[in-house]
Amino acid sequence: AKSVYDGNATDPCQPVSAWQGSPQQNQDMFKGSSSMVTRPALPREPEVQGFCELARSCWDDVAKQRPAMPDVLRTLLALSPQKGEMVDNLIKRLEKYATDLEGIVSERTAELETEKQKVEDLVCRMLPKSIVEDLKQGKNVKAESFDSVTIFFSDIVGFTSICGQSTPLQVVALLNALYTTFDTIIDEYDVYKVETIGDAYMVVSGLPNRNGNRHAAEIASMSLHLLSAMIGFEIPHMPGTTLQLRIGMHTGPVVAGVVGIKMPRYCLFGDTVNISSRMESGGLALRCHLSETTWKVLSEIGGFHLELRGEREIKGKGIMKTYWLNGRDGFTLPLPEPGMAVSASQHEFK
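Residues numbered from 1 in each chain as written. Predicted model: local features only at pLDDT ≥ 70, side-chain atom pairs only at ≥ 80, totals over all residues. Heavy atoms only, no water.

Colleague: Just checking my understanding: could you explain the overall build of the chain for this structure?
Modeller: When helices and strands are counted, the chain shows ten helices and ten strands. In the chain, which comprises 350 residues, the proportion classed as buried is 36%. Contacts in the chain between residues far apart in sequence, at least 24 positions, make up 66% of those at least 6 positions apart. Here the chain has roughly 20,700 Å² of accessible surface; of this, 54% comes from carbon and sulfur atoms. (Helix = DSSP H or I, 4+ residues; strand = E, 2+ residues; numbered from the N terminus. Buried < 20%, exposed > 50% of the residue type's maximum accessible area, 1.4 Å probe, protein only. Contact = heavy atoms within 4.5 Å. Areas by Shrake-Rupley, 256 points an atom, 1.4 Å probe, with all protein chains shown as cover.)

Colleague: Even after reading the chapter, I still don't get the packing of helix α2 (residues 49-58) against helix α3 (residues 69-79), so can you show me in this structure?
Modeller: Axes are the key here: two packed helices are described by the angle between their axes and the distance separating the axes. The N-to-C vectors of α2 and α3 enclose an angle of 170 degrees; their axes lie 10 Å apart at closest approach. In terms of orientation, α2 lies roughly antiparallel with respect to α3. Side by side, α2 and α3 meet where G50, F51, L54 and C58 of the first sit next to V72, T75, L76 and L79 of the second. (Axes fitted to C-alpha atoms, helices over the stretch in contact; angles between N-to-C directions. Parallel < 35°, antiparallel > 145°, perpendicular 65-115°, else oblique.)

Colleague: Just to check I follow, could you spell out the side chain of Q244 for this structure?
Modeller: With respect to the helices, strands and loops of the structure, Q244 is situated in the loop between α8 (214-232) and β6 (245-259). Assessed through its relative accessible area of 6%, Q244 is described here as buried. In this structure Q244 touches D155, I156, V157, A285, L286, M340, A341 and V342, once residues within four positions along its chain are discounted.

Colleague: How do you make sense of a nonpolar patch on the surface when you look at a structure like this?
Modeller: A cluster of nonpolar side chains, namely Y97, L101 and V105, defines an oily patch on the protein surface of about 300 Å² accessible area. With respect to the secondary-structure elements, Y97 resides in helix α4 (residues 85-126). Under the relative-accessibility criterion, Y97 is labelled exposed at 53%. (Patch = residues over 30% accessible without salt bridge, like charges linked within 9 Å, V, L, I, M, F, W, Y side chains within 5 Å. Salt bridge = Lys/Arg side-chain N within 4 Å of Asp/Glu carboxyl O.)

Colleague: Help me out: how do you make sense of the packing of aromatic side chains in this one?
Modeller: How two aromatic rings sit relative to each other is set out by the distance from centre to centre and by the angle between their planes. Using the criterion set out here, one finds five aromatic pairs in the structure. Their ring planes at 50 degrees and their centres at 6.1 Å tell us that Y179 and F182 sit as a pair that is tilted. One end of the pair is Y179 and the other is F182, both in helix α7 (residues 168-186) and three residues apart, which spans about a single turn. A centroid spacing of 4.9 Å and a plane angle of 80 degrees characterise the contact between F182 and Y201, whose relative ring orientation is edge-to-face. With F182 in helix α7 and Y201 in strand β5 (residues 200-205), this residue pair connects regions lying 19 residues apart in the sequence. (Phe/Tyr/Trp six-rings, centres within 6.5 Å; stacked < 30°, edge-to-face > 60°.)

In structure tokens, the structure reads:
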């Protein structure tokens, strides 16, 4: 950009304006010259050229080339070493301004980092943290295969009936209270919450971070903990009613990946998902129903109290042998008594 200076100035303390003509003449001079930058006129006397060079460096069109305030102060002191009350006061005020500005910048930077962390925490609630880190680095997140994971499904037996006796706001309050309880409990285990749809709650262990064969034990222990929570859980608008939680789980391979751009979801695909859902829908209230595959893994690990339920027709899979999970060595929390569950006639089997 072209700068305009007046070379006829003689008083270094009174720089004359570059706007020499009438207002109309000045307006005509700048018409069509959007790149022209007007600067105060500077004198040409040798004794003040140091100040002029300092001023020009402060006007540099490239911001990074301009001197910092401490450098300006050092240069001024070098050019004008005499001290006086007015000069000292001016320098002190400039130093105070620079210090205050640094403090404001630091404060705003800290606030920005805090807000950035809040956003990151929110995103990590929607997607696995490892996936979020890859997305932050601009990596293309591809679908990944997992040879063995354990999937948990749960729903509420009689939920349709509860909804019929409740207002929509009461249903929302119920699910919020229930899933808040669940979310607090699952934080104690090596699991990942996949999603909730209505009264259905889906959790997986063994992905996105692989954990050997511990995934079955993590899901089984978590399931017992969730069942125990039903003893003290109370439906806000139906005091005295026990919520009939029904749990199913299955172990097997899956493919996992991020689906969608708006509100992306980390989804699981494969027959393991379907069988896990069938274990839940074919189970009973206040009990943990599991497949033979999960039974084998838990038997190898040991310490779990497993009971053969028998062979059952599983939609899309034919006859399958299934089991009940009744407890675990060292698990001291109380579990629901059989009399607390509703009868089989009140179940909807799928």
